[in-house]
Amino acid sequence: LYHAKHHNLTTKNHHLHTEKPNKQAPPTITNKNSDTLVKITMPHLADDTIVAISTPPGRGGIGIVRLSGPDARAIAEPLLKLRHPLAPAQARFAQILDNTGEILDEAVVTWFQSPHSYTSEDVVEIAAHGSPVLLDHLLRRCLAAGARLAQPGEFTQRAFLSGRLDLTQAEA
């Protein structure tokens, strides 16, 4: 069991402890996992929605675009033509739409309602064909709708901060 009090905490070279240059102290988030005593100072709270392509770069059979945060579902739904409304933890067939409403491709979309997700936030995963052009299109549309590009490891960071993972799991 790792205890951190006044240490800079890093995970895979990504700093979880950051300092703001201004005089006002940044918000602090404490891990809810009772076995881990970690207090982390964050430059922002997780009140924003993040997005990233969650599969390795390049061509693949399937590519996944993942959103996490309070607006994940609201950002994803206008990009899709769903046969059935999104329901918690149920995969739904959808068609991916371009900016004009034309169908680009098909996808399977899963919505994980807070707190029943990896990050404990609302999460939407859009599993489409692995074309880099299509995945980039989805990413750009999510960004245009208000999501922020996730930093490397940020989904895991949010899972850790919500108590879903302990430090050992987060560093694995």
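Shown above is the structure to which this text applies.
Cut-offs applied
- Residues numbered from 1 in each chain as written.
- Predicted model: local features only at pLDDT ≥ 70, side-chain atom pairs only at ≥ 80, totals over all residues.
- Heavy atoms only, no water.
- Pairing = 2+ DSSP bridges.
- Helix = DSSP H or I, 4+ residues; strand = E, 2+ residues; numbered from the N terminus.
- Contact = heavy atoms within 4.5 Å.
- Axes fitted to C-alpha atoms, helices over the stretch in contact; angles between N-to-C directions.
- Phe/Tyr/Trp six-rings, centres within 6.5 Å; stacked < 30°, edge-to-face > 60°.
- Lys NZ or Arg CZ within 6 Å of the ring centre and 35° of its normal.
- Buried < 20%, exposed > 50% of the residue type's maximum accessible area, 1.4 Å probe, protein only.

(A) Representation of the sheet that holds strand β7 (residues 80–82). Pairing in this open sheet of 7 strands is mixed, and the strands run β7-β8-β9-β10-β6-β5-β11 from one edge to the other. Edge strands, defined here as strands with exactly one partner in the open sheet, are β7 and β11 (148–149). In terms of strand pairing, strand β5 (residues 50–53) meets β11 through 2 bridges, oriented parallel. When the sheet's bridge partners are listed, Ile 50 is paired in β11 with Arg 148. On top of the sheet, helix α3 (residues 154–161) reaches β5, β6 (60–68) and β11; it is set at about 135° to β5, its chief contact.

(B) Quick peek at the packing of aromatic side chains. For the structure shown, the criterion picks out 0 aromatic pairs. Geometry around Phe 155 places Arg 66 over its ring, the cationic atom sitting 5.7 Å from the centre. Between Arg 73 and the ring centre of Trp 111, over which it is positioned, the NZ or CZ distance is 4.1 Å.

(C) Inspection of the environment of Phe 93 at higher detail. By secondary structure assignment, the location of Phe 93 is in strand β8 (residues 91–97). For the pair Phe 93 and Val 108, spaced 15 residues apart in sequence, the C-alpha separation works out to 4.7 Å.

(D) Structural detail: the pairing of β8. In terms of burial, β8 is a largely internal element, 5 of the 7 residues being buried. In this structure, β7 lies alongside β8, joined through 3 bridges in antiparallel fashion. Looking at β8, one finds that Leu 80 is bridged to Ile 96. Where β8 lies against strand β9 (residues 103–112), 7 bridges are found, and the strand directions are antiparallel. Across the sheet, residue Ala 94 finds its bridge partner in β9, namely Ala 107. From the end of β8 to the start of β9, which pair antiparallel, there are 5 residues, and Gly 101 there has a positive phi angle of about 95°.

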